[in-house]
Number of protein chains: 2
Amino acid sequence: MKRREFIKGLGAGALVTGGALGAVSQAQAKSTIKWKMVTTWPKNFPGLGTGANLLAKLITEMSGGRLRVKVYGAKELVPAFEVFDAVSRGTAEMGHGAAYYWKGKSEAAQFFSTVPFGMTAQEMNGWMYYGDGLKLWRELYDGFGLVPAPAGNTGVQMGGWFNKQINSVDDLKGLKMRIPGLGGEVLRRAGGTPVNLPGGELFTSLKSGAIDATEWVNPYNDLAFGLFKAAKYYYYPGFHEPGTTLEAIINKEALQTLPKDLQSIVLNACKVVNQEMLAEYTARNPAALRTLVEKHKVDIRSYPDDVLATLRRYSEEVVTELAAKDAFSKKVFDSYSAFLKGSREWGGISNLSYLMARDKV
Amino acid sequence: MKRREFIKGLGAGALVTGGALGAVSQAQAKSTIKWKMVTTWPKNFPGLGTGANLLAKLITEMSGGRLRVKVYGAKELVPAFEVFDAVSRGTAEMGHGAAYYWKGKSEAAQFFSTVPFGMTAQEMNGWMYYGDGLKLWRELYDGFGLVPAPAGNTGVQMGGWFNKQINSVDDLKGLKMRIPGLGGEVLRRAGGTPVNLPGGELFTSLKSGAIDATEWVNPYNDLAFGLFKAAKYYYYPGFHEPGTTLEAIINKEALQTLPKDLQSIVLNACKVVNQEMLAEYTARNPAALRTLVEKHKVDIRSYPDDVLATLRRYSEEVVTELAAKDAFSKKVFDSYSAFLKGSREWGGISNLSYLMARDKV
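Named according to an unreviewed UniProt entry, chain A is TRAP transporter solute receptor originating from endosymbiont of Riftia pachyptila.

In screw terms, the move from chain B to chain A is a rotation of 180° and a rise of 0.0 Å along the axis, fitting with an RMSD of 0.0 Å. Expressed as a symmetry operation, the mapping of one chain copy onto the other fits a two-fold axis. Across chain B, the smallest distance between a C-alpha and the rotation axis is recorded for B:Val272, namely 2.7 Å. The overlap is high: 94% of the interface residues of chain B also sit at the interface in chain A, so the same surface is used on both sides.

This part is about the environment of B:Pro304. Residue and element names in this part refer to chain B. Tracing the chain through its elements places Pro-304 in the loop between strand S11 (299-302) and helix H12 (305-323). Residues Pro-304 and Val-169, 135 residues apart in the sequence, show an inter-C-alpha distance of 9.2 Å. Setting aside chain neighbours within four positions, we find Pro-304 in contact with Ile-166 and Asn-167.

At the junction of the two partners, chain B supplies 81 residues and chain A supplies 84 residues. When the two sides are added together, the surface that chain B and chain A hide from each other amounts to roughly 7,400 Å², 64% of it contributed by carbon and sulfur. Among the residues of chain B in contact with chain A, B:Tyr130, B:Trp346 and B:Arg358 are the three that bury the most area, contributing 12% of the side total. Connecting chain B to chain A are 6 salt bridges.

To continue, consider the packing of helix H3 (residues 48-62) of chain A against helix H11 (residues 260-295) of chain A. All names here are of chain A. Remark: H3 packs on H11, axes separated minimally by 9 Å, with the N-to-C direction vectors making an angle of 145°. When the axes of H3 and H11 are compared, the crossing they make is right-handed. Counting all contacts with H3, which are made through Leu-48, Thr-50, Gly-51, Leu-54, Leu-55, Leu-58, Ile-59 and Met-62, the residues of H11 involved are Ile-265, Val-266, Ala-269, Cys-270, Val-272, Val-273, Glu-276, Met-277, Glu-280 and Tyr-281. Considered class by class, the residues forming the contact of H3 with H11 number 14 nonpolar, 2 polar and 2 charged.

How two aromatic rings sit relative to each other is set out by the distance from centre to centre and by the angle between their planes. Under the criterion given, the structure shown has 48 aromatic pairs over all chains. Seen from their ring centres, B:Phe162 and B:Tyr235 are 5.5 Å apart, and the 90° between their planes marks the pair as edge-to-face. Within this pair, whereas B:Phe162 is found in strand S5 (residues 160-162), its partner B:Tyr235 is found in strand S9 (residues 233-236), the two being separated by 73 residues in sequence. The pair formed by B:Phe162 and B:Tyr235 is uniform in burial state, with each residue classed as buried. With a centroid separation of 5.2 Å and an interplanar angle of 35°, the aromatic rings of B:Trp216 and B:Phe225 are classed as tilted. Like B:Trp216, the residue B:Phe225 is buried in the burial classification. One residue, A:Arg313, lies across the ring of A:Tyr314, its end atom 6.0 Å from the ring centre.

All names here are of chain A. The topology assignment puts Leu-322 in helix H12 (residues 305-323). Judged by its relative accessible area of 2%, Leu-322 is buried. On a C-alpha basis, the gap between Leu-322 and Ser-353 in space is 32 Å, while along the polypeptide they are 31 residues apart. In this structure Leu-322 touches Glu-107, Ala-108, Gln-110, Phe-111, Leu-182 and Ser-329, once residues within four positions along its chain are discounted.

Residue and element names in this part refer to chain A. Ordered in space as S2-S1-S3-S10-S4, the 5 strands form an open sheet in which the pairing is mixed. The strands lining the two open edges of the sheet, one partner per strand, are strand S2 (67-72) and strand S4 (146-153). When strand polarity is set aside, the average angle formed by the axes of neighbouring strands in this sheet is 25°. The strands that H3 touches are strand S1 (33-39), S2, strand S3 (94-97) and strand S10 (245-251); relative to S2, the one it contacts most, it runs at about 165°. Where H11 meets the sheet, its contacts fall on S1, S2, S3, S4 and S10, and the angle it forms with S4 comes to roughly 30°.

Residues and elements named next belong to chain A. Mapped onto this numbering, the UniProt entry annotates "binding site: substrate" (unreviewed entry) at Gln-157, Arg-178, Glu-215 and Glu-241. The largest pairwise C-alpha distance within this set of annotated residues, which runs over 85 residues, is 14.3 Å, so the set is compact in three dimensions. Note on placement: Gln-157 falls in the loop between S4 and strand S5 (160-162). Among residues more than four places away in sequence, those in contact with Gln-157 are Glu-215, Trp-216, Val-217, Pro-237, Gly-238, Glu-241 and Thr-244. In this structure the side chain of Gln-157 is engaged in a polar contact, spanning 3.0 Å, whose partner is the side chain of Thr-154. Here Glu-241 lies in the loop between strand S9 (233-236) and S10. According to the relative accessible area criterion, Glu-241 is buried, its value standing at 1%. Among the polar contacts listed, one links the side chain of Glu-241 to the side chain of Tyr-100, at a separation of 3.1 Å.

Moving on to the domain arrangement of chain A. Residues and elements named next belong to chain A. Segmenting chain A into domains produces domain 1 (32-154 + 243-282) and domain 2 (160-242 + 284-325). Computed from C-alpha coordinates alone, the two centres of domain 1 and domain 2 are separated by 25 Å. Taken residue by residue, the interface counts 29 residues in domain 1 and 31 residues in domain 2. Interface of domain 1 and domain 2: buried area, both sides summed, is about 2,500 Å²; carbon and sulfur atoms make up 66% of it. In terms of surface lost to domain 2, no three residues of domain 1 exceed Pro-116, Phe-117 and Tyr-281, which account for 28% of the buried area on that side. Put simply, domain 1 and domain 2 have 2 salt bridges between them. Among the ionic pairs, Lys-325 bridges to Glu-107, the shortest N-O distance being 3.7 Å. Across the domain 1-domain 2 interface, the total number found is 11 residue pairs in polar contact (both at pLDDT 80 or more). Grouping the constituent residues of the side of domain 1 that touches domain 2 by class yields 17 nonpolar, 9 polar and 3 charged.

Rules used in this analysis
- Residues numbered from 1 in each chain as written.
- Chains lettered and ligands numbered in written order.
- Predicted model: local features only at pLDDT ≥ 70, side-chain atom pairs only at ≥ 80, totals over all residues.
- Heavy atoms only, no water.
- Least-squares fit on C-alpha atoms with pLDDT ≥ 70 in both.
- Contact = heavy atoms within 4.5 Å.
- Helix = DSSP H or I, 4+ residues; strand = E, 2+ residues; numbered from the N terminus.
- Buried area = accessible area lost by both parts, 1.4 Å probe.
- Salt bridge = Lys/Arg side-chain N within 4 Å of Asp/Glu carboxyl O.
- Axes fitted to C-alpha atoms, helices over the stretch in contact; angles between N-to-C directions.
- Left-handed = near helix turned anticlockwise from the far one by under 90°.
- Nonpolar A, V, L, I, M, F, W, Y, C, P; charged D, E, K, R; others polar.
- Phe/Tyr/Trp six-rings, centres within 6.5 Å; stacked < 30°, edge-to-face > 60°.
- Buried < 20%, exposed > 50% of the residue type's maximum accessible area, 1.4 Å probe, protein only.
- Lys NZ or Arg CZ within 6 Å of the ring centre and 35° of its normal.
- Pairing = 2+ DSSP bridges.
- UniProt positions renumbered as here; feature names shortened; annotations may be inferred.
- Polar contact = N/O pair within 3.5 Å; in protein donor to acceptor, adjacent residues only side chain to side chain.
- Domains from an automatic or database assignment.

As structure tokens, then:
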């Protein structure tokens, strides 16, 4: 027996009954549980992929090595958009992605990632943990044998990369843009053609002209993909993704067969990553933004007010229609809308009021 | 040897040599470690005190009961403002409070809670986890045998409760107000008299006229203290506390004697609570705000722009002078200021730009 294994055994507390020390060692060695985590991101992709890596690391570390999680990038075990099914059928015990990728399974899933002109990261966390958000999300995924958890947030995203200026709503007409989820539907109503592609395919699609524009995440992530080499104009704010929640999905049966302490470790590790990823973006976006502007001469522009007003009108249409699609979507919409209403009232005299005071003086 | 010392020995890897399983088993059975957590809050106080309770619960749960933490409210074991010393000398293994209470130990401590016109909760987390914030904080507290960790955030606070309107800076003159830390010094420069009192003494002090005004936290907390019964005007934004980080402090020796997995559990539980508390405030402030306005007829007002501009000027003075007090304060100030500069650039085109677009349409 190696010295390190014995020390681990001491920490595990699983073997309080008698027996020879050799038996302890053997049982301990067997008690290492191995999980696979499939992800929708390129392996080790900054922020998103490394967030998934951190989740695996935390689970392994807090469990003292009793539960070890190995991360697979998109296409390593399954393609990006098959993560949901893979975890549902137990090919992997965990997954990391974003709920709006699964609107084909349920339209309501989109509420659990992000909604155009909807909640920020801070508000999403409020709704998830202290409103009905996570409860409803679990109810939905339970039908697929999955347990979801918020596991990362990008914060307010950027509006996207364009090869021409957006000076009016007319400039969106005919635009073939990679923009998933509800934001894509908003673009459609504005006359554009939304396309859904995994992150790994954005650069070549934009560069080749297969798409005219793309949104991805924020300066830190967009710099990593080199999108500035394929488009000149970088618009803000990301009205369509004001605080995108990334998801961990866990195979329900796999989770339930764990001892209680490991279940708690898995779910709390998701909470840690949920906060850490937002902190990482908050810390790393400023330098990336400066690099894009100063080194790569990217032209940063805000959407004109009247464009935002129009997009806001379409957003309300899209979300209202989504709520009418089925009873569950209506239930989620009602909860989301009520929470957002309170958040806007309180946020108006806290976050917004403060940021305006800090900015203008 | 006392039982607790023996248990600590286990964690420290003191027993890596062989022996019969009987010895292991017996040691395992005894291996429940008991910690005390002293807090600066009234026991079970909503948000702050319950956040400390959650921290204890998470550690107990994730450790499978191997490490059990019992929470004490202010005055139960030690008074609110003796929490730092109590954990430093090992009377309790953990504490929960806010770093600006310890400016008597080190002026620089204040940067790790909140700075007038400084960082929001999201920005503080960026600085703490992915900037130098937490590293510097640990460096400072190491001299006291303590390990600090962010363990809760109130978000942007309210400006405070007043018995008269604040229409100009002159209205602050002569005002005796409970406002701790750097915000208190800002008030002093505006002609007021800052007072520091623990939360539990606010209501009676304001009601009796011992103080003229007080800030505390936000609607959820202020409603719980019944402050609306002692003052009529409730001002925003809380320029002096834009994202107050609460702290967990851990006795360094106690932490180091834990096995690695328990150390990770303790520190990650702090991270979970850091996020959860902000989520709780975000979820519960809206209803509390409505209750204050609709049921208790509180008069909610924003500080006039010119008052905020003056307070901003004094804030810059105060923070700049703080940085000049000692070499360590200067180092923390430089790190804080550089991070804030980047946050304002990026935040201007993300959070602020988005909230303005959401608000005005």
